[in-house]
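The residues making up each chain are set out below.
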Amino acid sequence: MKKIEAIIRKTRFEEVKDALLAADIEWFYYCDVRGVGKAREGRIYRGVVYDTSSIERTLVSIIVRDKNAEKTVKAILEAARTGDIGDGRIFVMPVEDSVRIRTGERGDVALYNAEIEK
């Protein structure tokens, strides 16, 4: 199993969500996050200086079986890419175990419903 975390532009979230659903990744969670990037200058808008060192992004986190890891990364990559600086990052990490609380199932079978397996 793999945990895939992607930090993406907030404006690309809907495209990433649609790409994940199209790739049969039906369960993930996301949250709005703030981070610090390389840009440190202030921006001026209507005479007010705004600090741009703190960047608003969306963090998407997904646990997938090993066989779905690459297609998940590709879906995020294609949907989140604008080609501009600040598109984000994708991190892939190993997951040691997973447990479905309701049934006690362990391992990658706990990630999906076997009765509706395609």
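Residues numbered from 1 in each chain as written. Predicted model: local features only at pLDDT ≥ 70, side-chain atom pairs only at ≥ 80, totals over all residues. Heavy atoms only, no water.

J.: Residue-level account of the nonpolar core, with values.
T.: Ranked by size, the top nonpolar core spans 18 residues in total, and within it Ile8, Val16, Leu20, Val60, Ile62 and Ile76 carry the most contacts. Not counting the four nearest positions on each side in its chain, isoleucine 62 is found in contact with Lys2, Lys3, Ile4, Leu20, Ile25, Trp27, Phe28, Thr72 and Ile76. (Core = buried A, V, L, I, M, F, W, Y, C linked by side-chain atoms within 4.5 Å. Buried < 20%, exposed > 50% of the residue type's maximum accessible area, 1.4 Å probe, protein only. Contact = heavy atoms within 4.5 Å.)

J.: I'd like a rundown of the pattern of salt bridges, residues and numbers included.
T.: Following the criterion strictly, the structure yields eight salt bridges and no others. Ionic pairing is found between lysine 17 and glutamate 14, a salt bridge with its closest N-O pair at 3.1 Å. With lysine 17 and glutamate 14 both in helix H1 (residues 13-22) and three residues apart, the pair spans about one turn of that helix. Of the residues examined, lysine 17 reaches a relative accessible area of 25% and is grouped as partly exposed. Glutamate 14 gets classed as partly exposed once you look at its relative accessible area, which sits at 43%. With a closest N to O distance of 2.6 Å, arginine 34 and glutamate 56 form a salt bridge. Taken together, the residues arginine 34 in strand E2 (residues 29-36) and glutamate 56 in strand E5 (residues 54-64) connect sequence positions 22 residues apart. Overall, arginine 34 belongs to the exposed group, its relative accessible area being 54%. (Salt bridge = Lys/Arg side-chain N within 4 Å of Asp/Glu carboxyl O. Helix = DSSP H or I, 4+ residues; strand = E, 2+ residues; numbered from the N terminus.)

J.: An account of the packing of aromatic side chains is needed here, citing residue identities and associated values.
T.: If you walk through the whole model with that rule in mind, you get two aromatic pairs. For the ring pair phenylalanine 13 and tyrosine 30, a centre distance of 4.3 Å and an interplane angle of 40 degrees mean the geometry is tilted. With phenylalanine 13 in helix H1 and tyrosine 30 in strand E2, this residue pair connects regions lying 17 residues apart in the sequence. Here phenylalanine 13 falls in the buried class, since its relative accessible area comes to 9%. Taking relative accessible area as the criterion, tyrosine 30 reaches 47% and is therefore assigned partly exposed. Centroid distance tryptophan 27 to tyrosine 29: 6.2 Å. Interplanar angle 70 degrees. Geometry classified as edge-to-face. (Phe/Tyr/Trp six-rings, centres within 6.5 Å; stacked < 30°, edge-to-face > 60°.)

J.: How would you summarise the environment of glutamate 56 if you had to cite specific residues and measurements?
T.: For glutamate 56, a relative accessible area of 40% corresponds to the partly exposed category. With 49 residues separating them in the primary sequence, glutamate 56 and isoleucine 7 have C-alpha atoms 9.8 Å apart. Leaving out residues up to four positions away in the same chain, glutamate 56 has contacts with Lys10, Val33 and Arg34. Only 2.6 Å separates the side chain of glutamate 56 from the side chain of arginine 34, close enough to count as a polar contact. (Polar contact = N/O pair within 3.5 Å; in protein donor to acceptor, adjacent residues only side chain to side chain.)

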